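Summary of the model geometry
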Amino acid sequence: MREMLLAYSFLAPAFIIIGLFGLFPLAFAAYESTLRGLNKIVGSYDGLGNYVKAVDNLIYIINFWLAVGLVYFAVSMIARAVQEHRQEQTNAMRWALPAALTAAGTALIARFVFILLPEMLLIPSKLRGQNNTQEAFRSLVVETWWLPKVQIALWIGVVFLAAGAVWALLINRQMPKDGRDRIYFMPFFNTGICLISGAALIWFTWTEINAAYAEALEEGVGLELWSQIVTISAGFLLLLLAWRLWESARDRSSNMGVALRLVGAVALMAGAWVLIAELPRVVAAGDEDWWNGLMATVFYVLGTVPIQLGLALILAALLFQKIRGQTLFRVLYFLPYVAPFVGTAAVFRIIFSNRPTAPLNSLLDLFGAEPLLWLSEPAGIIQMITGGKIDLGPILSGPSLALVAIMIYGTWTYVGFDTVIFLAGLGAIPNELYEVADIDGAGGWAQFRHVTLPLLSPTIYFLSLYAVIGTFKAFNHIFVLRQAAALGTTDTASIVIFQAFKRDTRYGYASALAILLLLIIMVITLVNNRIASRRVFYG
Amino acid sequence: MANEALAGRALRPSQTDPATRRAALNQAIIYTVLILGAAAAILPFLYTVSVSLMNLTEATGGRALPSTPQWTNYTEAWHDAQFSLYFMNSVKITLISVGGAVVFCALAAYAFAQMEFPGKSFLFTLLLSTLMLPEAITWVPNFITVSWLGRISPIPWINNWPSLTIPFMASAFGIFLLRQFFQQIPRELWDSAQIDGSGHFRYLITVVLPLSTAAVMTLVLFGFVGAWNALAWPILVTTSSDWRPISYGLLVFLDEAGALLHLQMAGAIITMLPIVVLYFFTQRHFIEGIATTGLKG
């Protein structure tokens, strides 16, 4: 008991800071994203309005499927726990109630936060002119804290949480020291959280859809909401089905497999057709800056991650031979990653400058080519290569030359980092495997292909996930390298969010975009984990 | 420790003459590629140094090397951009935030590594999940939180040290890093410390931390680099040069210097130099810290 309290007091400072500046922002951003907030004034409640502005009706579909996903997680977690409990003959069910109580308590605490937040945010607007003093502010904070509804919400949550925790601790006391079934608390707790948040999300989305409907009726315009929701969902479902069929076809006999693949191909085409027909309209109704930002981010990922990892793998494989000066090479490769980003970006701003005498343009001049605008060039590179006579549209014309220059900078900084991690991964491969391969007569390339690559796959997986997520978060160097003349073609998702916040002071809208970005990152991580669990070989 | 393992795999020995020649050719190709890579990595730095020593006409005229090095560029940039102020700001910010981070992360990491308490795995998962959050999602909420905290605390937070340091005084990354090291400390040490009548806190300070200087060093280095690189958050919470850290200072200077490329580059060198020097002295900690946490994270 004493150790427990001591442990909690050790954790307290770190968790207060991380909780306040790392976890609480999630709830805060979610709340803020439902407000109109402009110019530092807390705006009125707007429901999903900000999201609708950004991605139009897609947000209803996203929310719906998010809720479905949460329920699916809940069910699968319960199913797994129950299955395990049958096999192990343990008494899992007695954990269900305390876990449910704790989950409800957590949800009620979240509810308390959402009741307290709006009251607290109103304080600054209550104080105007003369009354706007530190003391008045503090007394209003205290007053808000002691509001009956805030206190009631807080104590309901605390009571539930405490009841659940005490109950769980009591069960834990009764159990033998080596009891296996104490692990069942978490699955039940997670299930409860998933179910509650899924239900809340569905309820929220449902009211929002109804409100949108009522508004549309009032204005006398038809609303294609439902047809859009159904078609787009159907499109994604068909794609999912195609993927599933393809997967299951892999380990079946030939005839069955071919049939499954055919059905899968049909589903794929139908799904793609529906989406191609329907998605552009939704995209066009959303925020152009945001979609352009996402497109730039995707270009950036596709243009940097494979090249970066490929170069790093080559360098690491070469460095890994017995090379003189290995440490020196490693130190030099790593330098671009360590040097402060603003400093190196400043250099690249000059290297990629549009002046005719700038380094790259003088190089072009040497070959008799015309100088390019580089960081100030908004035209897409494919558009430029094809001569710009045909308008290829935003996607086909590729990333702008300005974005390509930034991509080169990004690759330059991260190759060394990837090389170092690849080297560590290579060092972890047991030497005996190569000796065995040598005896079997495998040459250098065969060894690389059949020993090194499979054993390196966890590292490759980690690095690619890290690089993709890093791109979605990337801010510093793009912010330094972006030029007004590039007409925003270089603005990735994070930059768009930053501009919505700092330049336009649209607090609610920036929060909504940030939440969407988080969802994208979560989906990428999930998909990556699924693929990795199949493809990655963990020794 | 990784170095020996890395060098462990030798090229296969050659017996016959053509094989020797082929090996020599291989070596030549390998070195060429490696040297090309190294050149690509450091050329921009050399170019920066070169331009920072030019005069204005040379810098804009596309010359590769200065005719006579203009060392005064550095003093000029230093005075024009208040670099001494930015420098001190960054040093102060780094000291406060890294100092806090070491204390708080060490405490939490110790609890995770060596103590038993209910909810341990849950709290640890919760902690690691914050690593996935994009920084962008914290901008708006933290800005509001910080300005709000500034109004109830005795000192303002915006454009002052608390907003620049306190949010960074604990991080999931730091706790994770230290925990990895603390876990490797044998339990027997704790048992004997207990016999000597030492509690957890004394054990942490007198035994665990001295044994983990490498990890603490890595944490300090990363904190230093992170504070030096910080850009988005300082732009949001500083309103004047009073507390503007160096990266933001350089960015402002880049815009002010405009066409004065040589001064821009001198400013870039001034900004990069401390980190680069630090890196060259501690590169093993840096690289191995990245490699170990990267692989396991």
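Residues numbered from 1 in each chain as written. Chains lettered and ligands numbered in written order. Predicted model: local features only at pLDDT ≥ 70, side-chain atom pairs only at ≥ 80, totals over all residues.

**Focus on the overall build of chain B**
- Across its full length, chain B holds 15 helices and 0 strands.
- Over its C-alpha trace chain B gives a radius of gyration of 25 Å, far above what one expects of a compact globule, namely 19 Å for 297 residues.
- Overall, the C-alpha framework of chain B stretches about 75 × 70 × 35 Å when taken along its three principal axes.
- The buried share of chain B, reckoned over its 297 residues, is 41%.
- At a minimum sequence separation of 6, the contacts of chain B that also span at least 24 residues come to 74%. (Helix = DSSP H or I, 4+ residues; strand = E, 2+ residues; numbered from the N terminus. Rg over C-alpha atoms; globule rule 2.2 N^0.38 Å. Buried ≥ 20, exposed ≤ 12 C-beta atoms within 10 Å, placed from the backbone. Contact = placed C-beta atoms within 7 Å.)

**Some words on the overall build of chain A**
- Assigned secondary structure in chain A consists of 21 helices and 0 strands.
- Projected onto the principal axes, the alpha-carbon positions of chain A cover approximately 75 × 70 × 55 Å.
- Across the 539 residues of chain A, 36% fall into the buried class.
- A sequence separation of at least 24 residues applies to 73% of the contacts in chain A between residues at least 6 apart.

**Regarding the nonpolar core**
- Counting 186 residues, the largest nonpolar core has A:Ala14, A:Ile497, A:Leu513, B:Cys105, B:Ala108, B:Ile175 and B:Leu178 as its most contacted members.
- For this core, the element with the highest residue contribution is helix H16 (residues 401-427) of chain A, accounting for 18 residues.
- If we skip the residues at most four places from it in the chain, A:Ile497 touches A:Ala510, A:Leu513, A:Ala514, A:Leu517 and B:Ala136.
- Counting 19 residues, the second largest nonpolar core, distinct from the first, contains A:Ala67, A:Ala74, A:Trp95 and A:Phe112. (Core = buried A, V, L, I, M, F, W, Y, C linked by C-beta atoms within 7 Å.)

**Some points on the UniProt feature "transmembrane region" (unreviewed entry) in chain B**
- Sites flagged by UniProt as "transmembrane region" (unreviewed entry) map to residues 28-47, 93-113, 122-144, 164-182, 203-228 and 259-281 of chain B.
- Here residues 93-113 of chain B is 100% helix and 0% strand, with 29 Å between the C-alpha atoms at its ends. (UniProt positions renumbered as here; feature names shortened; annotations may be inferred.)

**Some words on the domain arrangement of chain A**
- As far as domains go, chain A holds domain 1 (2-205), domain 2 (224-285) and domain 3 (286-535).
- Its C-alpha centre places domain 2 of chain A at a distance of 30 Å from the equivalent point of domain 3 of chain A. (Domains from an automatic or database assignment.)

**A word on the domain arrangement of chain B**
Residue and element names in this part refer to chain B.
- You can read the domains of chain B as domain 1 (2-73) and domain 2 (81-296).
- Computed over C-alpha atoms, the centres of domain 1 and domain 2 are 33 Å apart.
- Of the residues lining the interface, 11 residues belong to domain 1; the matching set on domain 2 comes to 11 residues.
- Only helix H2 (17-52) and helix H3 (56-60) provide two or more residues apiece to the side of domain 1 that touches domain 2.
- Examining the composition of the side of domain 1 that touches domain 2, we find that 4 residues originate from one element, H2, more than from any other.

**Regarding the interface of chain A and chain B**
- Listed by partner, the interface residues are 91 residues for chain A and 85 residues for chain B.
- Per-element accounting of the side of chain A that touches chain B gives the leading share, 20 residues, to helix H1 (residues 2-32) of chain A.
- The class makeup of the residues in the side of chain A that touches chain B is 65 nonpolar, 17 polar and 9 charged. (Nonpolar A, V, L, I, M, F, W, Y, C, P; charged D, E, K, R; others polar.)

**With respect to helix H6 (residues 148-174) of chain A**
Residue and element names in this part refer to chain A.
- End to end, H6 covers 39 Å across 27 residues, agreeing with the expected 39 Å (1.5 Å per residue, within 8%).
- All buried positions along H6 are accounted for by Gly157, Phe160, Gly164 and Ala168.
- Where the residues of H6 are buried, they touch helix H4 (96-126) and helix H7 (185-219). (Expected span 1.5 Å × (residues − 1).)

**Let's talk about the environment of A:Thr419**
Residues and elements named next belong to chain A.
- With respect to the helices and strands, the residue Thr419 is situated in helix H16.
- Along the backbone, Thr419 and Leu311 are 108 residues apart, and their C-alpha atoms lie at a distance of 8.2 Å.
- Among all residues touching Thr419, those that are not within four sequence positions of it are Ala312, Leu315, Ala316 and Tyr333.

**Overview of the UniProt feature "domain: ABC transmembrane type-1" (unreviewed entry) in chain B**
- Feature annotation in UniProt assigns "domain: ABC transmembrane type-1" (unreviewed entry) to the following positions: residues 87-282 of chain B.
- Annotated as 77% helix and 0% strand, the span residues 87-282 of chain B places its first and last C-alpha atoms 21 Å apart.

**So, the environment of A:Gln321**
- Here A:Gln321 is to be found in the loop between helix H10 (288-320) and helix H11 (326-338).
- The exposure class of A:Gln321 is partly exposed, given the 16 C-beta atoms found within 10 Å.

**Some words on unusual backbone geometry**
Residue and element names in this part refer to chain A.
- A positive phi is found at Trp374, a non-glycine position, where the angle reads about 50°.
- Residue position: Trp374 is located in the loop between helix H13 (359-366) and helix H14 (381-385).
- Residues other than glycine seldom take positive phi values, yet Thr505 does so here, at roughly 45°.
- In this structure, Thr505 sits in the loop between helix H20 (493-502) and helix H21 (507-535).

**Considerations on the packing of helix H12 (residues 341-351) of chain A against helix H14 (residues 246-257) of chain B**
- Interaxial distance between H12(A) and H14(B) falls to 9 Å at its minimum, and their mutual angle equals 25°. By the angle between their axes, H12(A) is roughly parallel relative to H14(B). Of the residues in H14(B), those in contact with A:Val342, A:Gly343 and A:Ala346 of H12(A) are B:Ser247, B:Leu250, B:Leu251 and B:Leu254.
- Partitioned by chemical class, the residues of the contact of H12(A) with H14(B) number 5 nonpolar, 2 polar and no charged. (Axes fitted to C-alpha atoms, helices over the stretch in contact; angles between N-to-C directions. Parallel < 35°, antiparallel > 145°, perpendicular 65-115°, else oblique.)

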